[in-house]
Amino acid sequence: MKKVTIRDVAREAGVSVTLVSFVMNAKMGKDGRLDCPVNPNTAARVLDVAKRLGYRRNNAAASLRSGRSHSIAVIVSDLANPFFAEICRNIENLAYNAGYTVIFASSEESPEKLAHLVETMVGYNVEGLIVAPCLGGERALERATSVGIPTVLIDRDLPGDSFGRVLVDNVDAGVMATKYLFHQGFGKIEMISYKLGVTSLTDREHGYSMAMEDAGLEDEIRLHRIEYDADAAKKGVIEIFKDALKRGTEAFILPTKKLAMYSFNALNVLGLNLPKDFSFVCFDESDIYDLKKPVIPHVVQPLAEIAEKSFTLLRKMVDSAATEEEKNVTLKAKLILGGRFGVQPTEASF
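Below you will find a few notes about this structure. (Residues numbered from 1 in each chain as written. Predicted model: local features only at pLDDT ≥ 70, side-chain atom pairs only at ≥ 80, totals over all residues. Heavy atoms only, no water.)

**What to know about the packing of aromatic side chains**
- Considering all chains together, one arrives at eight aromatic pairs under this definition.
- Ring geometry for Y194 against Y228: centres 5.1 Å apart, planes inclined by 70 degrees, an arrangement best described as edge-to-face. Taken together, the residues span a long stretch of sequence, with Y194 in strand β6 (residues 189-194) and Y228 in the loop between β7 (222-226) and α10 (230-247) at a distance of 34 residues.
- Residues F241 and F280 carry aromatic rings whose centres are separated by 6.1 Å and whose planes lie at 45 degrees to one another, so their mutual orientation is tilted. (Phe/Tyr/Trp six-rings, centres within 6.5 Å; stacked < 30°, edge-to-face > 60°. Helix = DSSP H or I, 4+ residues; strand = E, 2+ residues; numbered from the N terminus.)

Below you can see the structure in the form of structure tokens.
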């Protein structure tokens, strides 16, 4: 079947190709009318003809002609991770209200996959990228900025002056978690982290170590870095807990939700209990934290604010309107005591 073109619609409707283009590219106003300089009756006739003939607007061609695709891409490590899923959901809502389409993708902590995704997004003519970069992702993202695609980093940092950044002060988050445990009377505090080397984790590790050193507990610092693979991570946490019991460890800081889940699994496997055997400070939000009694303290990041700030900054960068100061946003995490079920959540500061 022959493809229906804009000229076919113009001929059938008895109008010019330019007029059809105005109608097909117009946005719908709040009053339900097309926002274009065409008589409403004529516009309605053009739309009826286009529908009857089966005409479909070529968005790719339109974006090449205008230089605007009104689309952006968001690339995170894992879209199934609730932390990133919530940020993506908020970005999608903001983008929809602003007339943008969002393409979502996961790098799976692979710089090779990230490079492939960036090349794909360049081919799609996206106007900008919001990325939680994996270790080794510098070259892929420099490729994006080198061809003029504004890029905003979230959650994790990379070196480079061309990026925008919306990051959480994770050093402060690590300090805050450790000081809370001091406040509870603990001194034998350890942290379990990954071998990933991403800045969100290394900053939390640094905050923990710094707080321990400031308290004169540098000899008690135990920072365990385990594999990211789920099976290896589960086994690794079990072995850490076995050894920690022998050392008289009192508390653990668990800087991601997955690490917290692996730790709860280890408690069950080993027949241990909170807070009799260990105490935890976890990160992000989970119903499991709330269902434990007492509710597990957890550090919460401002996910909605990360989404809003990153999308707003990206739009400014697309319009070349962002100052150097505006391109670097740092947000604060909160330590939450209590939860949604039973105990009223309260914010603590240390």
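**Remarks on the pairing of strand β9 (residues 279-283)**
- With five of its five residues buried, β9 lies for the most part within the structure.
- Side chains S279, V281 and F283 project from β9 onto one buried face, and the interleaved F280 and C282 project onto a second face that is buried too.
- Where strand β8 (residues 251-254) lies against β9, four bridges are found, and the strand directions are parallel. Paired with A251 across the two strands is S279, which belongs to β9.
- Handedness of the crossover is the feature at issue here: the chain leaves β8, passes through helix α11 (residues 257-270), returns alongside β9, and the resulting connection is right-handed. (Buried < 20%, exposed > 50% of the residue type's maximum accessible area, 1.4 Å probe, protein only. Pairing = 2+ DSSP bridges. Right-handed = clockwise from strand over helix to strand, strands pointing away.)

**Here we look at the packing of helix α2 (residues 17-25) against helix α3 (residues 40-53)**
- Between α2 and α3, whose axes approach to 10 Å, the crossing angle comes to 85 degrees. One way to sum up the angle between α2 and α3 is to call them roughly perpendicular. Taking contact as the criterion, the partners of L19, V20, V23 and M24 in α2 are, on α3, T42, A43, V46, L47 and A50. (Axes fitted to C-alpha atoms, helices over the stretch in contact; angles between N-to-C directions. Parallel < 35°, antiparallel > 145°, perpendicular 65-115°, else oblique. Contact = heavy atoms within 4.5 Å.)

**Topic: the environment of Y100**
- Considering the arrangement of structural elements, one finds Y100 in the loop between α5 (82-97) and β2 (101-106).
- Exposure remark for Y100: the relative accessible area of 9% places this residue in the buried category.
- The sequence separation of Y100 and E127 amounts to 27 residues, and the corresponding C-alpha distance is 9.8 Å.
- Among the polar contacts made by the side chain of Y100, one reaches the side chain of E127 at a distance of 3.3 Å. (Polar contact = N/O pair within 3.5 Å; in protein donor to acceptor, adjacent residues only side chain to side chain.)

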